[in-house]
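Residues per chain, in single letters:
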Amino acid sequence: MSHDTLPRPAKTEEPATQPPPTRRRRHWTKRGNPLAGLGSVVWLAVVIIPIYAMLSASLTSQDKALTGNPLKPPTSPTLDNYNTVLNSGFGHLLSNTAIVAVAVVAIVLGLSVPLAYVAVRTRNRWSGTAFRVFLLGVAIPAQAVVVPLYLMIAKLDLYDSLLAVILPTAAFAMPVSVLVLVGSLRDVSEELYEAMALDGASPQRMLFQLTIPMAKGGISTVVIYASLQAWNGFIFPLIFTQSDGPRVLTLGLFNYVSQFGVNIPALLASVVLSGIPIFVVYLVARRALVGGLMGVGGK
């Protein structure tokens, strides 16, 4: 029998594949954690209620500050307390505090970024030892070294000046800043450094063109942290300054405290006004700040 006459097997038709049945979308959501929600509400109340009481009291007259319910809205709000604060040298105190904050941030960034870069990129025993010794500053409280710092500042003839506040504030902000930046710079991929090295880039070029742009989160965290340290600093301005010339906002609050009483509404109005600039800085850099604290660096 020739091959042409061989019977051909009958073709079996494959059953048509049916599309999988689509699941109906559930219109209910997963049940949340009630304890977490309750904790969030409690924490929100802990934060919001004091701020509300402060704002309410700052709009109250002096004779009504200590009477009635502090959580009750003021019946006749007034801006006289804010006028009193603005007309009592608040601008001078604000400018001094801004100078201190900007100078501290500049010093901290100018020193901590190269130090963190060297600690991350240098692979030897001495750099690791120097980094660990440098971090010992985290465990040293400012109160423990006030007397030696006072003697040093007096010897340098810096007493009663803004430099007497700027230098120690920046020094005590450095250890935490270096620690944050080291964690941020370690997130930069090693392949990127190798690629730039193959292109003939110098370490300085790697620092400015690769490391700093990739570590924006850590740098923003350091900016916020150093700004808060300088803005809210009290012990260094109190001990290292004396006259009204270099006085900052934290010391200016004493203007509303006298021998016979405290002007509570004006004091709280001053606190509100002094907190607005640093709050604006936080709003601008809050996303980078959260990213840097979570350790994701510039990613």
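Residues numbered from 1 in each chain as written. Predicted model: local features only at pLDDT ≥ 70, side-chain atom pairs only at ≥ 80, totals over all residues. Heavy atoms only, no water.

Ranked by internal contacts, the top residues of the largest apolar core, which has 45 residues, are Val85, Val100, Val104 and Val108. If you list the elements that add at least two residues to this core, you get α2 (80-86), α3 (90-121), α6 (163-185), α7 (190-198), α8 (203-214), α9 (216-231) and α12 (264-284). For this core, the element with the most residues is α3, which contributes eleven residues. Setting aside residues up to four positions removed in sequence, valine 104 forms contacts with Ile166, Thr169, Ala170, Ala226 and Ala230. Listed in part, the seven residues of the second largest apolar core include Ala142, Leu149, Leu158 and Ala164. (Core = buried A, V, L, I, M, F, W, Y, C linked by side-chain atoms within 4.5 Å. Buried < 20%, exposed > 50% of the residue type's maximum accessible area, 1.4 Å probe, protein only. Helix = DSSP H or I, 4+ residues; strand = E, 2+ residues; numbered from the N terminus. Contact = heavy atoms within 4.5 Å.)

This model, assessed by the stated rule, comprises four aromatic pairs. Relative to phenylalanine 236, the ring of phenylalanine 172 lies with its centre 5.7 Å away and its plane at 45 degrees, an arrangement referred to as tilted. Here the residue phenylalanine 172 occupies a position in helix α6, and phenylalanine 236 occupies one in helix α10 (residues 235-240), the gap between them amounting to 64 residues. On the basis of relative accessibility, which here comes to 7%, the residue phenylalanine 236 falls in the buried class. When the ring of phenylalanine 236 is compared with that of phenylalanine 240, the centres are 5.6 Å apart and the planes differ by 10 degrees; the resulting orientation is stacked. Linking phenylalanine 236 with phenylalanine 240, this pair stays in helix α10, spanning four residues, or about one helical turn. No difference in accessibility class separates phenylalanine 236 from phenylalanine 240, as the two residues are buried. In this structure an aromatic cluster arises from ring pairing among Phe172, Phe236 and Phe240. We note arginine 121 situated over the ring of tyrosine 193; from NZ or CZ to the ring centre the distance is 3.9 Å. (Phe/Tyr/Trp six-rings, centres within 6.5 Å; stacked < 30°, edge-to-face > 60°. Lys NZ or Arg CZ within 6 Å of the ring centre and 35° of its normal.)

Within the secondary structure, valine 108 is located in helix α3. In this structure, the C-alpha to C-alpha distance between valine 108 and alanine 226, residues 118 residues apart in sequence, is 7.3 Å.

Let us now look at the pattern of salt bridges. Taken as a whole, this structure holds two salt bridges when the rule is applied. Of the charged contacts in the structure, one is a salt bridge between glutamate 190 and arginine 121, with a shortest N-O distance of 3.1 Å. Within this pair, whereas glutamate 190 is found in helix α7, its partner arginine 121 is found in helix α3, the two being separated by 69 residues in sequence. By relative accessible area, glutamate 190 is classed as partly exposed at 33%. Arginine 121 gets classed as partly exposed once you look at its relative accessible area, which sits at 25%. In this structure, aspartate 244 engages arginine 247 in a salt bridge whose closest nitrogen and oxygen atoms are separated by 3.8 Å. (Salt bridge = Lys/Arg side-chain N within 4 Å of Asp/Glu carboxyl O.)

On the surface, a cluster of nonpolar side chains totalling about 1100 Å² of accessible area is made up of Leu38, Val42, Trp43, Leu44, Val46, Val47, Ile48, Ile49, Ile51, Tyr52, Leu55 and Leu71. On the basis of relative accessibility, which here comes to 51%, the residue leucine 38 falls in the exposed class. (Patch = residues over 30% accessible without salt bridge, like charges linked within 9 Å, V, L, I, M, F, W, Y side chains within 5 Å. Areas by Shrake-Rupley, 256 points an atom, 1.4 Å probe, with all protein chains shown as cover.)

Chain-level statistics for the protein chain give a pLDDT mean of 81 and a share of 83% at 70 or above. Between residues 25-29, whose pLDDT stays under 50, and residues either more than four places distant or in other chains, the model counts zero contacts. (pLDDT = per-residue confidence, 0-100.)

We now examine the side chain of threonine 97. Summarising the element assignment, threonine 97 is placed in helix α3. The contacts of threonine 97, once residues within four sequence positions are left out, are Trp231, Val248 and Leu249.

Where α7 contacts α8, the axes come no closer than 11 Å and their chain directions differ by 155 degrees. In terms of axis orientation, α7 runs roughly antiparallel to α8. Of the two elements, α7 crosses α8, and the hand of that crossing is right-handed. Judged by residue contacts, Leu192, Tyr193, Met196 and Ala197 of α7 engage Arg205, Met206, Gln209, Leu210, Thr211 and Met214 from α8. Of the residues that constitute the contact of α7 with α8, the class distribution is seven nonpolar, two polar and one charged. (Axes fitted to C-alpha atoms, helices over the stretch in contact; angles between N-to-C directions. Parallel < 35°, antiparallel > 145°, perpendicular 65-115°, else oblique. Left-handed = near helix turned anticlockwise from the far one by under 90°. Nonpolar A, V, L, I, M, F, W, Y, C, P; charged D, E, K, R; others polar.)

With their axes 8 Å apart at the nearest point, helix α1 (residues 34-58) and α12 run at an angle of 125 degrees to one another. When the axis of α1 is compared with that of α12, the two are oblique. Considering how the two elements wind past one another, α1 and α12 form a crossing that is left-handed. Contact residues: α1 offers Met54, Leu55, Ala57 and Ser58, while α12 offers Pro265, Leu268, Ala269, Val271 and Val272.

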